[in-house]
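Structural overview for review
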Amino acid sequence: MSGLKIEHVYKRYDNEGKGKKKKVNDYAVKDLNLETNEGEFVALLGPSGCGKTTTLRMTAGLEDITEGNIYINDVRVNDLHPKDRHIGLAFEDYAMYPPLTVYENIAFNLRAKGVPNDEIDRRVREIAPLMQCDDLLDMMPVKLSGGQKQRVNIARAIVRRPELLLMDEPLSHLDGKARQAMRTEIKRLINEIKCTTVYVTHDQLEAMSLADRIAIINFGVLQQYGTPAEVYDDPVNEFVASFIGEPPMNILVTTIIKDAGHFFFTFEGSDLRIQVPERYYGVVSDGFRCKVGVRPMDVLIGGPDSKGTPEKVATFENLGDERRIGIRVGEILLMLITEDDTRYKAGDIIRLEVRAEKTHLFDIETGDRIREA
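Residues numbered from 1 in each chain as written. Predicted model: local features only at pLDDT ≥ 70, side-chain atom pairs only at ≥ 80, totals over all residues. Heavy atoms only, no water.

It is worth spelling out the overall build of the protein at this point. Scanning the protein from N- to C-terminus turns up eight helices and 21 strands. Taken along its principal axes, the extent of the C-alpha atoms in the protein is 80 × 50 × 50 Å. Taken across its 373 residues, the protein has 47% of its residues classed as buried. For the protein, the proportion of contacts with a sequence separation of at least 24, taken over those separated by at least 6, is 66%. Surface accessibility of the protein: about 18,600 Å² in total, with carbon and sulfur atoms responsible for 47%. Positive and negative side-chain charges in the protein, numbering 50 and 60 respectively, have mean positions lying 4 Å apart. (Helix = DSSP H or I, 4+ residues; strand = E, 2+ residues; numbered from the N terminus. Buried < 20%, exposed > 50% of the residue type's maximum accessible area, 1.4 Å probe, protein only. Contact = heavy atoms within 4.5 Å. Areas by Shrake-Rupley, 256 points an atom, 1.4 Å probe, with all protein chains shown as cover. Lys, Arg positive; Asp, Glu negative; His and termini not counted. Charge placed at Lys NZ, Arg CZ, Asp CG, Glu CD.)

What follows is the structure in structure tokens.
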């Protein structure tokens, strides 16, 4: 049984201004197909305005579907009222009821459904320790911190025992330390309740750390759907490659040349040359232009005997556990990460080496991945 199935779903908004002709916008979501396993944690990831929240709202029944079908546990829910979809919702805004205690906020939806008082009390006191808010039950919302409010918000969503838990950027209002703590709590919670979960975020660190699989969306179109390892190590296009990873993948325009029977990546305005892995020899040729991508951790500082290209340091950042160095390659700043304790300054010369076997090729026009022959 699948937890959630989205089948050829489209969403288009029709905007009609006063005194103006009706205008039909482009699709906010276009031909989206997505299926989760029962109990799976799936993240919808993408930049602001890409359609991920619209997808969540259509699943919840808060937005109409222009075309297509949505199934929850194999039941078509297109025409079902939100209250009949057996879902739990946790949004970025806490939307707590100020006059009610934390206990009553968590219990509110159960009371609205006419659940008996003893069952409400049992469920609230069962879920409160899971979200570490059992010591907050008698408090009023005004007394809570942002992290505490979000824990209550999530508790209120899961106390209904939903078949599908929908979370829309629940950590966006929290500061860095609180976000990290809540990520850990959410991961622990989902492992305990084993509820199918769809989690919307624009933060790739959240998606990578929490999700079993990630659906990456851009301009309403699903770009790639896979495990964190799959989207990181095997991106299908330039957008996915550059969106996943911190710092992002270095992507540079290259002209490939042939020299002494070998192919090399070359770059305008730079002496840097990187040997092309032999697996690409069937798809490249002398003078072939494309984009080459390499992650910062696969760009290395060579030792004293290195035959790497000498390059000038352009920028240096010491982040404590790692150092980030920027090298100017033409008009592009090539970033590398090192754990070397050496402190560099602009103008220092280093020998640059690249793990060529870790490079990815992309089409200049479409951004699609160029696969080896």
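Residue Pro 247 is reached from Glu 246 by a cis peptide bond, and omega for that bond is -5°. Its place among the elements puts Pro 247 in the loop between helix H8 (238–243) and strand E11 (250–259). Its identity is not glycine, yet Ala 260 carries a phi of approximately 55°, on the positive side. With respect to the element layout, Ala 260 can be found in the loop between E11 and strand E12 (262–266). According to the relative accessible area criterion, Ala 260 is exposed, its value standing at 71%.

Together, Glu 35, Glu 38, Asp 74 and Glu 163 give the surface a local cluster of negative charge. Its place among the elements puts Glu 35 in strand E2 (residues 23–37). (Patch = residues over 30% accessible without salt bridge, like charges linked within 9 Å, V, L, I, M, F, W, Y side chains within 5 Å. Salt bridge = Lys/Arg side-chain N within 4 Å of Asp/Glu carboxyl O.)

What follows covers the sheet that holds strand E16 (residues 309–318). In space, the five strands of this open sheet follow the order E15-E19-E16-E17-E18, with antiparallel pairing throughout. Each having just a single partner strand, strand E15 (299–301) and strand E18 (332–338) make up the two edges of the open sheet. Taking each pair of neighbouring strands and ignoring which way they run, the sheet shows an average axis angle of 50°. (Pairing = 2+ DSSP bridges. Axes fitted to C-alpha atoms, helices over the stretch in contact; angles between N-to-C directions.)

Right, let's talk about the nonpolar core for a bit. In terms of nonpolar packing, the biggest core is built from 47 residues, with Ile 106, Cys 133, Ile 154 and Ile 186 touching the most fellow members. Sequence-distant contacts of Ile 106, that is, excluding residues within four places in its chain, are made with Val 124, Ile 127, Cys 133, Leu 137, Val 152, Ala 155, Arg 156 and Val 159. Formed by 26 residues, the second largest nonpolar core is a distinct cluster that contains Cys 290, Val 299, Leu 352 and Ala 356. (Core = buried A, V, L, I, M, F, W, Y, C linked by side-chain atoms within 4.5 Å.)

In this structure, strand E9 (residues 213–218) lies alongside strand E10 (residues 221–226), joined through five bridges in antiparallel fashion. Bridge pairing in E10 links Asn 218 to Val 221. The turn joining E9 and E10, which pair antiparallel and follow one another in sequence, is formed by two residues; a positive phi near 50° is taken by Phe 219.

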